[in-house]
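Each chain, written out:
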Amino acid sequence: MPATTTEQLATLQNTTVVVHPLVLLSVADHHARSVSRTSHKRVIGALLGQDNGKIINVANSFGIPFEEDDKDSKSWFLDHNYVQEMYDMFRKVNAKERLIGWYHTGPKLRASDQEINDLFKRFVARPLMVIVDVRPHTVGIPTDAYFAVDEIKDDGTETLKTFVHVPSAIEGEEAEEIGVEHLLRDIKDSTTTTLATRVAEQLASLRGLQSRLSDIQKYLVDVSQGVMPVDHKIVYHLQDVFNLLPDLGDRTLRESFASSTNDALLVIYLSSLLRAVIALHALVDNKATVGQAELEEGKGDEKAKEKKDEKKDEKKEEEKEKEAETETGKE
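The model shown is predicted, which means the values in this text are computed figures rather than measured ones.

### A few points about the pairing of strand β7 (residues 98-104)
Here is step 1 of the chain: Across the seven residues of β7, six count as buried, placing the element largely inside the fold.
Here is step 2 of the chain: The sheet contact formed by strand β3 (residues 44-51) and β7 spans six bridges and is antiparallel. Following the sheet pairing, Ala 46 is matched in β7 by Trp 102.
Here is step 3 of the chain: Relative to strand β8 (residues 128-132), β7 runs parallel, the two sharing four bridges. Counted as the bridge partner of Gly 101 is Leu 128 from β8.
Here is step 4 of the chain: Taken together, β7, helix α4 (residues 113-120) and β8 form a β-α-β motif whose crossover is right-handed.

Below, the structure is given as structure tokens:
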């Protein structure tokens, strides 16, 4: 059965890869400018940062000219001279950032990754490979970090090279956090409400949880059927997760959940009741206002009619007086 060397596992066991938001934006921009949305091709670039042993800080990146045959994964081209020239120019700007590895947009491992990783050993002794998933419908952290290790077989045959996954996280400095906040504020859809946005975020979180639970279920089924070997580290983590889950068979816990739910529903019921009362009150006020306006308008029409009648009477009296004067003059 293949097994990795103890020294390599001990070195990578406590290693954490920290990817900055600037790298994710740069990789997404590189992919969007180089590959069409309908294509399944990937792009490759170099990663810059600091390798502090247990923590590898990936702070910057740049794209590399790369071509590969879709039908034959062993046929590929990477301009390593371009890598050296770009790295020399980056060192003039920031000497603290060293070449620590490379990235590609996968979204999975490819057959030629080991050969490309060996090429990057010209620049760094232990190159880091990060797969950045640029697909917009993915849920969760879009990065997977790997290191190349040697497999030693029990039968003493030739060693094989493979990749070992190491945990990765996304963290940013204060300036990057401010920039990401401004970016999210600019791309936010103004037509959606805050409630709709909150519901969409919760739905995305639930989908991510469902995806993780499906992966756990698939792994446990494969282990029980003997398809995959037992990894005691993963089993220990799963046992911790199960131990942290609440015991729903406890009566006190069920009553506590029911009481909390009833309190929340009571607040919702009272708010709905108050909203209905306020709406009815506004409706009554609106009716009263409209009725008062109509009443005042009717009174105004009556007064105008009375004035017209008075003017007609005055005209008739004037005409009668004129006729009487005319008759008097004739006599």
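Text resumes after the structure shown.
### Overview of helix α3 (residues 80-93)
Here is step 1 of the chain: Compared with an ideal rise of 1.5 Å per residue, which puts 14 residues at 20 Å, α3 spans 20 Å between its outermost C-alpha atoms and is within 8% of the ideal.
Here is step 2 of the chain: For α3, the full list of buried residues reads Val 83, Met 86 and Tyr 87. An end-on view of α3 places all buried positions within 105° of arc, on one side of the element. α3 presents Glu 85 and Lys 92 as exposed residues on the side facing more than 90 degrees away from its buried surface.
Here is step 3 of the chain: Buried residues along α3 sit against β3, β4 (55-64), β6 (76-78), β7 and α4.
Here is step 4 of the chain: The opening residue of α3, the one whose side-chain oxygen lies 3.3 Å from the backbone nitrogen of Asn 81, is Asp 79.

### Considerations on the pattern of salt bridges
Here is step 1 of the chain: For the structure on display, the rule yields nine salt bridges.
Here is step 2 of the chain: Between Asp 113 and Arg 42 there is a salt bridge, with the nearest N and O atoms lying 2.8 Å from each other. Here the residue Asp 113 occupies a position in helix α4, and Arg 42 occupies one in the loop between α2 (21-34) and β3, the gap between them amounting to 71 residues. Each member of the pair Asp 113 and Arg 42 is classed as buried.
Here is step 3 of the chain: The partner of Lys 161 in a salt bridge is Asp 118, with the nearest N and O atoms 3.6 Å apart. Taken together, the positions of Lys 161 in strand β10 (residues 160-166) and Asp 118 in helix α4 put the pair 43 residues apart, joining distant regions of the chain.
Here is step 4 of the chain: With a relative accessible area of 45%, Lys 161 lands in the partly exposed category.

What counts, and at which threshold
- Residues numbered from 1 in each chain as written.
- Predicted model: local features only at pLDDT ≥ 70, side-chain atom pairs only at ≥ 80, totals over all residues.
- Heavy atoms only, no water.
- Buried < 20%, exposed > 50% of the residue type's maximum accessible area, 1.4 Å probe, protein only.
- Helix = DSSP H or I, 4+ residues; strand = E, 2+ residues; numbered from the N terminus.
- Pairing = 2+ DSSP bridges.
- Right-handed = clockwise from strand over helix to strand, strands pointing away.
- Expected span 1.5 Å × (residues − 1).
- Arc of directions from axis to C-beta.
- Contact = heavy atoms within 4.5 Å.
- Polar contact = N/O pair within 3.5 Å; in protein donor to acceptor, adjacent residues only side chain to side chain.
- Salt bridge = Lys/Arg side-chain N within 4 Å of Asp/Glu carboxyl O.

These figures come from the coordinates and say nothing about function on their own.
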